[in-house]
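Summary of structural features
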Amino acid sequence: MNDCLFCKIAAGEIPSGKIYEDERFLAFLDIMPINPGHALLIPKNHSRNMLETDEATLRELMPLVAKLARAVMTVVGANGINIGINNEPAAGQVVFHTHIHIIPRFSGDGYRMWGGKEYEEGEEKALAEKIATEVETGLRTR
Ligand code: 5GP
Ligand code: ZN
């Protein structure tokens, strides 16, 4: 993917504030941090987002996320940390190379969590059943 920003960062063609690198992954500071220390972890292999990332890569990502999260928290003295993955524009994805946001949080930093909506009568049960069926289908066909 020649025109992918994060492929270029992974290849070292564009500089970044690198905090971790191995053969398959790179983590660097987000250029517009939600809080200082906000980092992005990417697989070097290009995929559009988490929905299109192979399972072996997904499995390797999580332990790395936890390690990086602990290091970021320690260094910036954060009180908590949000781990986020935006998939597709409707969910806020702007850069189309799989990346995980590691966002240090501070008590009273002023950010609010998302608000919740209420289900209509019977909607939750019906939806849960539909999604459970879809999950089963997905598990059978993978
Ligand atoms: P998304 O909204 O796609 O989940 O997040 C993309 C993130 O990449 C944004 O938080 C944005 O600040 C960050 N970003 C965009 N361009 C660059 C860049 O050139 N370098 C770095 N380090 N981060 C970038
Ligand atoms: Zn890419």
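Basis of the calculations
- Residues numbered from 1 in each chain as written.
- Chains lettered and ligands numbered in written order.
- Predicted model: local features only at pLDDT ≥ 70, side-chain atom pairs only at ≥ 80, totals over all residues.
- Heavy atoms only, no water.
- UniProt positions renumbered as here; feature names shortened; annotations may be inferred.
- Helix = DSSP H or I, 4+ residues; strand = E, 2+ residues; numbered from the N terminus.
- Buried < 20%, exposed > 50% of the residue type's maximum accessible area, 1.4 Å probe, protein only.
- 1 Å grid on protein atoms, 1.4 Å probe; cavity = no way out; pocket = protein on both sides within 12 Å on 5 of 7 lines; lining within 4 Å.
- Points joined across faces, edges and corners; volume = space filled by probe spheres on them.
- Nonpolar A, V, L, I, M, F, W, Y, C, P; charged D, E, K, R; others polar.
- Near = heavy atom within 4 Å.
- Polar contact = N/O pair within 3.5 Å; in protein donor to acceptor, adjacent residues only side chain to side chain.
- Sits in = over half its atoms within 2 Å of the grid points.
- Donors = N, O, S within 2.8 Å, 3.2 Å for Na, K, Ca; no water.
- Patch = residues over 30% accessible without salt bridge, like charges linked within 9 Å, V, L, I, M, F, W, Y side chains within 5 Å.
- Areas by Shrake-Rupley, 256 points an atom, 1.4 Å probe, with all protein chains shown as cover.
- Salt bridge = Lys/Arg side-chain N within 4 Å of Asp/Glu carboxyl O.

Notes on the UniProt feature "active site" (unreviewed entry) in the protein chain
UniProt tags His 99 as "active site" (unreviewed entry). Examined against the element boundaries, His 99 turns out to sit in the loop between β4 (80-84) and β5 (100-105). A relative accessible area of 6% places His 99 in the buried class.

Here's the deal with the layout of surface pockets
In this structure, the largest pocket spans a volume of roughly 470 Å³. In terms of lining residues, the largest pocket is bounded by 14 residues, among which Ile 34, Asn 82, Ile 103, Met 113 and Trp 114 are the most central. Its residues assigned to classes, the lining of the largest pocket comprises 8 nonpolar, 4 polar and 2 charged. Its volume calculated, the second largest pocket comes out at about 310 Å³. The wall of the second largest pocket is formed by 19 residues, among which Leu 5, Phe 6, Asp 30, Ile 31 and Leu 40 lie closest to the centre. Looking at the lining of the second largest pocket, the elements that each hand over two or more residues are α1 (5-10) and β2 (25-29). Considering each element in turn, the lining of the second largest pocket owes the most residues, 3 residues, to α1.

Remarks on unusual backbone geometry
For Glu 88, which is not glycine, the phi torsion reads 80° and is therefore positive. Residue placement: Glu 88 occurs in the loop between β4 and β5.

Overview of the site of ligand 1
Not every one of the 16 residues close to ligand 1 is listed here, only the nearest: Asp 30, Gly 92, Val 94, His 99 and His 101. With respect to ligand 1, the side chain of Asn 86 contributes an N or O atom lying 2.8 Å from an oxygen atom. In this structure, His 99 approaches ligand 1 through a side-chain N or O atom, which is 2.6 Å from an oxygen atom. A molecule is said to occupy a pocket when more than half its atoms come within 2 Å of that pocket's grid points, and by this definition ligand 1 occupies the second largest pocket. For the shell around ligand 1, the elements supplying multiple residues, two or more each, are α1 and β2. When residues in the shell around ligand 1 are grouped by element, the largest group, 3 residues, is from α1. Its residues assigned to classes, the shell around ligand 1 shows 10 nonpolar, 5 polar and 1 charged.

Considerations on the coordination of the zinc ion (ligand 2)
Each protein donor to the zinc ion (ligand 2) is listed here as Cys 4 (SG), Cys 7 (SG), His 46 (ND1) and His 97 (ND1); together their distances run 2.0 to 2.3 Å. Written as a sequence motif, the donor residues of the zinc ion (ligand 2) are C-x2-C-x38-H-x50-H. Linking Cys 7 in helix α1 with His 46 in the loop between β3 (39-43) and α2 (55-76), this pair joins segments that are 39 residues apart in sequence. A relative accessible area of 30% means that His 46 is categorised as partly exposed.

Notes on a nonpolar patch on the surface
On the surface, Tyr 119, Leu 127, Ile 131, Val 135 and Leu 139 cluster together into a nonpolar patch covering about 450 Å² of accessible area. Mapped onto the secondary structure, Leu 139 falls in helix α3 (residues 123-141).

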